[in-house]
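# Structure assessment
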Amino acid sequence: YYVQPEEAVSAGDPVYLRVSAAGSEELGALRASPDGTAQVYTLTPTASEDSFHVEISYLGAKYLLVADGADGSYTATEICDDLRAAAGTIAGLTFGGTATLTITTAAGTALDAAPKSLGNGAFASITETTPAVVDAIHMKHWRWLSDGSATEPAVLSVRPHPEA
């Protein structure tokens, strides 16, 4: 199909369908990137001698972050430093904080579920501090086959869902 994308797209880019529009945006428009507000979770650990394990599920993949207190006295800052180091680089997620661990998703995306504590270490709280607002949803089986822009049509491939 030839379609007019909402923004610049390149061959092979994922396809997102606008489900919420404001201003000059058009409901149903197609684009190459998610749109909306990032989701933020804040995890507050309790200082402990125990190990901390946090399971994160994002865009269908699961990640396990592990922090093991080796010296017998584990401060909240040390726990969060170790969890951030364990996270490394997970595409679409940003890890921050000092004595808390913040997990921020890419704009317009959300964790598949709230982070889970699986270790012996206790968290005083695991809180969604900013809910995600998803303005454009990922069309998993669609792809851009050519480059295009808001002024130049692009070729779109729409494959049927394998379970259809």
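First, a word on scope: everything that follows refers to the structure included in this document. (Residues numbered from 1 in each chain as written. Predicted model: local features only at pLDDT ≥ 70, side-chain atom pairs only at ≥ 80, totals over all residues. Heavy atoms only, no water.)

Counting across every chain of the model gives two aromatic pairs. Ring geometry for phenylalanine 52 versus tyrosine 74: centroids 6.3 Å apart, planes at 55°, classification tilted. On the criterion of sequence distance, the pair formed by phenylalanine 52 in strand E6 (residues 52-58) and tyrosine 74 in the loop between strand E7 (61-67) and helix H1 (76-87) is long-range, its members being 22 residues apart. The pair phenylalanine 52 / tyrosine 74 is uniform in exposure class, with both members buried. Plain terms: the ring middles of phenylalanine 52 and phenylalanine 123 are 5.3 Å apart, the flat faces sit at 85° to each other, and that makes the pair edge-to-face. Of the two residues, phenylalanine 52 is situated in strand E6 and phenylalanine 123 in strand E11 (residues 123-130); the sequence distance between them amounts to 71 residues. Members of the aromatic cluster, each reached through a chain of ring pairs, are Phe52, Tyr74 and Phe123. (Phe/Tyr/Trp six-rings, centres within 6.5 Å; stacked < 30°, edge-to-face > 60°. Helix = DSSP H or I, 4+ residues; strand = E, 2+ residues; numbered from the N terminus. Buried < 20%, exposed > 50% of the residue type's maximum accessible area, 1.4 Å probe, protein only.)

Checked against the element boundaries, arginine 18 lands in strand E2 (residues 14-18). At 2.7 Å, the side chain of arginine 18 and the side chain of aspartate 35 are in polar contact. (Polar contact = N/O pair within 3.5 Å; in protein donor to acceptor, adjacent residues only side chain to side chain.)

With that settled, consider a nonpolar patch on the surface. Together, Val19, Val134 and Ile137 make up an exposed nonpolar region whose accessible area comes to about 200 Å². By relative accessible area, which is 41% here, valine 19 ends up partly exposed. (Patch = residues over 30% accessible without salt bridge, like charges linked within 9 Å, V, L, I, M, F, W, Y side chains within 5 Å. Areas by Shrake-Rupley, 256 points an atom, 1.4 Å probe, with all protein chains shown as cover. Salt bridge = Lys/Arg side-chain N within 4 Å of Asp/Glu carboxyl O.)

Membership of the largest hydrophobic core comes to 20 residues, with the highest contact counts inside it found for Ile56, Leu83, Leu93, Phe95 and Ile103. Discounting chain neighbours no more than four positions away, the residues touching phenylalanine 95 are Ile56, Leu65, Arg84, Ala87, Ile90, Leu101, Thr102 and Ile103. (Core = buried A, V, L, I, M, F, W, Y, C linked by side-chain atoms within 4.5 Å. Contact = heavy atoms within 4.5 Å.)

Turning to the pattern of salt bridges, a few remarks are in order. According to the stated counting rule, one finds seven salt bridges in the structure shown. The closest approach of N and O atoms between glutamate 25 and arginine 18, which form a salt bridge, is 3.5 Å. For glutamate 25, a relative accessible area of 30% corresponds to the partly exposed category. The class of arginine 18 is buried, set by a relative accessible area of 2%. Here lysine 116 makes a salt bridge to glutamate 55, at a shortest N to O gap of 3.5 Å. Here glutamate 55 lies in strand E6 and lysine 116 lies in strand E10 (residues 116-117), a separation of 61 residues in the sequence. Owing to a relative accessible area of 42%, lysine 116 belongs among the partly exposed residues under this scheme. Connected through shared salt-bridge partners, Glu6, Glu7, Arg18, Glu25, Arg31 and Asp35 make up one network.

Interpretation note: all reported values are geometric properties and have no functional meaning in isolation.
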